[in-house]
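So the chains spell out like this:
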Amino acid sequence: MEYILMIIACVFVNNIILSQFLGICPFLGVSNKLGTALGMGVAVIFVMTLATLVTSLVHVYVLVPMGIEFLQTIAFILIIAALVQMVEIILKKTSPSLYQALGIFLPLITTNCAVLGVAIGVTQKFDITAGNYILQSVVYTASTALGFAVAICIFAGLREPLALVDVPKAMKGVPIALITAGILAMAFMGFANLA
């Protein structure tokens, strides 16, 4: 039951984009079409979960035992960048179709602040001495990434028809997108009592 509540909270209540304001760049930049938003969402789910798994292991088995937790941010940035490059190289060799499907989204994730934010947040949110720390961090991260994908896909679904609507000239583009994002964030506030 604890994990179900965590999933609901991460996807709807504490959505990383709409309530924590991490990952705004891809949220606004890649959400013009539903297909690209879905591709970005899937890529974020994959990379964020894998990156947090690796950074959690490094945190528990390297940084904390050596007493160098202050290097966490630098270490996590390097790990995430190296991991994304490794995944890109492996996908290019083993699964060219998946590599083509992810396209430009995989390198874009390296600079997505949501990936680093979640990796650091996990180390602060959960107790590393607990026996289920790694499981908790992976479930939390996968749920948070799913929340990212849900938010960006809903937003793309709202933005596509806006291109066809007669919007005042001063409101075209980013202004109407920001207003739509604000209304979407308020809609997600309705889930606040679920978890």
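Check the entry above for the structure.
One structure accompanies this document, and this report is about it. If you're wondering where the values come from, they're calculated on a predicted model, not measured in any experiment.

What the rule picks out here adds up to five aromatic pairs. Judged by centre distance (4.8 Å) and plane angle (45°), the rings of F12 and F191 are tilted. Residue F12 is found in helix α1 (residues 2-13), and its partner F191 is found in the segment after α9 (174-188); the two are separated by 179 residues along the sequence. On the accessibility criterion, F12 (29% relative accessible area) is partly exposed. Pairing F126 with Y140 gives two aromatic rings, centres 5.6 Å apart and planes at 80°, and the pair type is edge-to-face. Of this pair, F126 sits in the loop between α7 (113-125) and α8 (133-162) while Y140 sits in helix α8, and the two are 14 residues apart along the sequence. The pair formed by F126 and Y140 is uniform in burial state, with each residue classed as buried. An aromatic cluster is defined as three or more aromatic residues linked by ring pairs; in this entry it consists of F12, F188 and F191.

Space inside the largest pocket adds up to approximately 180 Å³. Every residue lining the largest pocket is listed: N32, R159, E160, L162, A163, V165, V167, K172, G173, I176 and A177. Looking at the lining of the largest pocket, the elements that each hand over two or more residues are α8 and α9.

Turning to the environment of F21, a few remarks are in order. Within the secondary structure, F21 sits in the loop between α1 and α2 (24-29). A relative accessible area of 58% means that F21 is categorised as exposed. Remark: the alpha-carbon pair of F21 and A114, spanning 93 residues in sequence, is separated by 8.7 Å.

For the rest of this paragraph, the subject is the side chain of T49. Its location among the elements puts T49 in helix α3 (residues 34-66). A distance of 2.7 Å separates the side chain of T49 from the backbone oxygen of I45, its partner in a polar contact. Those residues within four positions of T49 in sequence are excluded, and the remaining contacts are V44, V138, T141 and A142.

Moving on to the nonpolar core. One finds L18, F27 and M40 to be the most contacted residues of the largest nonpolar core, which totals 44 residues. For this core, the elements supplying multiple residues, two or more each, are α1, α3, α4 (72-94), α6 (105-110), α7, α8 and α9. Looking at this core, the element that brings in the most residues is α8, giving ten residues. Contacts of L18, omitting those with residues within four sequence positions, involve F27, A151, A181, L184, A185 and F188.

Scoring rules and cut-offs
Residue numbers restart at each chain and count upward from 1, following the sequence in its written direction. Given that this is a predicted model, residues contribute local features only at a pLDDT of at least 70 and side-chain atom pairs are listed and counted only at 80 or more, while totals for whole chains, interfaces and linings are drawn from all residues. Hydrogen atoms and water are omitted, and side-chain values are computed over all heavy atoms in the structure. Note on aromatic pairs: the rings of Phe, Tyr and Trp (six-membered ring only in Trp) are paired at centre separations within 6.5 Å, and the planes decide the class, stacked below 30 degrees, edge-to-face beyond 60, tilted for the rest. Each helix is a run of DSSP H or I of at least 4 residues and each strand a run of E of at least 2, with the numbering of both proceeding from the N terminus. Working definition: with a 1.4 Å probe on protein chains only, accessible area under 20% of the residue-type maximum means buried, over 50% means exposed, and in between means partly exposed. Cavities and pockets are found on a 1 Å grid laid over the protein atoms alone: a cavity is a set of points where a 1.4 Å probe fits but cannot escape, a pocket is an open set with protein on both sides within 12 Å along at least five of seven lines, and a lining residue has an atom within 4 Å of such a point. Grid points are joined across faces, edges and corners, and a volume is the space filled by probe spheres set on the points. The definition of a polar contact used here is a pair of N or O atoms within 3.5 Å, where within protein one atom must be able to donate a hydrogen and the other to accept one, and adjacent residues in sequence count solely through side-chain atom pairs. Contacts: residue pairs with any heavy atoms within 4.5 Å of one another. The set of buried Ala, Val, Leu, Ile, Met, Phe, Trp, Tyr and Cys residues whose side-chain atoms join them within 4.5 Å is what this entry labels a nonpolar core.

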